[in-house]
Amino acid sequence: MPARETCKNSEIIDAAQQSKDGRTPTTRYGFKCPTMIRDTALLEQFAPISNETRLVVGVRHPVLWFESFYNFRVKEYHEGKWTSKQPIPSPMELTDNNNWRAVSVKHARFDIYLKQLAKASLTGEEMEEMLNHETMWTKKLSLIPNKVFIYTIDQMSDRNEERRMKWQKDLHTFLQLNAPFDWSMNEERQSSKKKVTFNETINICDEKYSTIRSELTRQGREASTWINEKFISSPDVVVSDALFFKSVLREWANDPCKGKGMD
């Protein structure tokens, strides 16, 4: 598994082809590509090579996702990851079809992109909304045979140890691993991380972002309803502890900043 995120088709397809040809029969390949569900072209290339490839999709509260993704891009900017030094836009500018390196309020409608996987039937209205939601990615139905494991980040960091251990076990089973992940490495890495902030780093709970939060929670209500009622009902979709998963997603309709004394 690459030590970095990669969405390079050549790297990913070559690894999959090697596995199929038996050149690495005992090796399991994995990669992380955040845009794969938004732009499904790579998934379509995968299908003829390996219908046994498993997809793992993580989601989180749209408000917290927006804050995290925006601040991540700010960090990349200051680390000199890009040649362009275009000024960092205000979060208030990232509405409608405006985006900054894929950061946009509209991109928090996770259901729009999951609909492309064709794991649940769509009404005519749902299809039209999917195709026309935003303009950065061309949407289409991709009839892929691969199974999907969907989880929320709350399950990964769940303080209920029994429930968290079950989630880990279910993920291991889904991936058909002979040995489980060493989760202690991930926990150590997370605990040792230093939070770095810059002048542009945002606190999404600030009052000035209330209109953004309102739109994100509206979208969260629509996204969570479709995922809970239709997507996870598919025989091709696996979820650990459906009751807990559904309860977490229902919170997407609520502003996570309320009651924190920040609004």
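Residues numbered from 1 in each chain as written. Predicted model: local features only at pLDDT ≥ 70, side-chain atom pairs only at ≥ 80, totals over all residues. Heavy atoms only, no water.

*Asks:* Honestly, the pattern of salt bridges in this entry has me stumped. Any pointers?
*Replies:* Note on pairing: side chains with opposite charge can pair once their charged atoms come close. Applying the stated criterion across every chain yields a total of 18 salt bridges. Between Glu215 and Arg218 there is a salt bridge, and its shortest N-O distance comes to 2.6 Å. One end of the pair, Glu215, and the other, Arg218, are both in helix 9 (residues 210-229), 3 residues apart, so they sit about a helical turn from each other. The class of Glu215 is partly exposed, set by a relative accessible area of 27%. (Salt bridge = Lys/Arg side-chain N within 4 Å of Asp/Glu carboxyl O. Helix = DSSP H or I, 4+ residues; strand = E, 2+ residues; numbered from the N terminus. Buried < 20%, exposed > 50% of the residue type's maximum accessible area, 1.4 Å probe, protein only.)

*Asks:* Just checking my understanding: could you explain the state of the cysteines for this structure?
*Replies:* Under the counting rule described, the total for this entry stands at 1 disulfide. Between the sulfur atoms of Cys205 and its disulfide partner Cys257 the distance amounts to 2.0 Å. Measuring handedness by torsion sign, the sulfur bridge of Cys205 and Cys257 sits at about -80° and is left-handed. Highlighted residues: Cys205 in the loop between helix 8 (183-192) and helix 9 and Cys257 in the segment after helix 10 (242-250), separated in sequence by 52 residues. In this structure, Cys205 and Cys257 share a single accessibility class: buried. (Disulfide = S-S within 2.5 Å.)

*Asks:* What's the story with the side chain of Asp255 in this structure? I'm lost.
*Replies:* As for its position among the elements, Asp255 is in the segment after helix 10. Classification of Asp255 by relative accessible area gives buried; the value is 16%. A distance of 2.8 Å separates a polar atom in the side chain of Asp255 from the backbone nitrogen of Cys257. (Polar contact = N/O pair within 3.5 Å; in protein donor to acceptor, adjacent residues only side chain to side chain.)

*Asks:* Sorry if this is basic, but what is going on with the pairing of strand 2 (residues 148-152) here?
*Replies:* Working note: regular strand, side chains alternate between the two faces of the sheet. Burial within strand 2 is extensive, with 5 of its 5 residues counted as buried. By the alternation rule, side chains of strand 2 split into Val148, Ile150 and Thr152 and Phe149 and Tyr151, which are all buried. Summarising the sheet, strand 1 (residues 55-59) and strand 2 pair through 5 bridges and their orientation is parallel. Within the sheet, the bridge partner assigned to Leu55 lies in strand 2 and is Val148. Summarising the sheet, strand 2 and strand 3 (residues 237-238) pair through 2 bridges and their orientation is parallel. (Pairing = 2+ DSSP bridges.)

*Asks:* Can you walk me through the sheet that holds strand 1 in this structure?
*Replies:* The pairing of strands in a sheet comes from backbone hydrogen bonds and takes either a parallel or an antiparallel form. The sheet built from 3 strands is open, its strands ordered 1-2-3 with parallel pairing. Each edge of the open sheet is held by one strand with a lone partner, namely strand 1 and strand 3.

*Asks:* What is the right way to read helix 3 (residues 62-78) from this model?
*Replies:* For an α-helix, the turn length of 3.6 residues means that residues three or four places apart are oriented alike. The terminal C-alpha atoms of helix 3, which comprises 17 residues, lie 24 Å apart, in line with the 24 Å expected from a rise of 1.5 Å per residue. Counting buried positions along helix 3 yields 12 of 17 residues, so the element is predominantly enclosed. Within the sequence span of helix 3, burial applies to Pro62, Val63, Trp65, Phe66, Glu67, Phe69, Tyr70, Asn71, Arg73, Val74, Glu76 and Tyr77. Where the residues of helix 3 are buried, they touch helix 4 (110-114) and helix 9. Of the residues flanking the end of helix 3, it is Gly80, one or two places downstream, whose phi is positive at about 70°. (Expected span 1.5 Å × (residues − 1). Contact = heavy atoms within 4.5 Å.)

*Asks:* What am I meant to see in the nonpolar core here?
*Replies:* General note: in soluble globular proteins, nonpolar side chains tend to be found buried as a group. By size, the foremost hydrophobic cluster in this structure holds 52 residues, and its most contacted members are Phe66, Leu114, Ile150, Ile204, Ile227 and Phe231. The set of elements that each furnish at least two residues to this core consists of helix 2 (41-46), strand 1, helix 3, helix 4, strand 2, helix 9 and helix 10. At 7 residues, helix 3 tops the list of elements feeding residues into this core. By size, the runner-up hydrophobic cluster in this structure holds 7 residues, among which are Tyr151, Trp167, Leu175 and Trp183. (Core = buried A, V, L, I, M, F, W, Y, C linked by side-chain atoms within 4.5 Å.)

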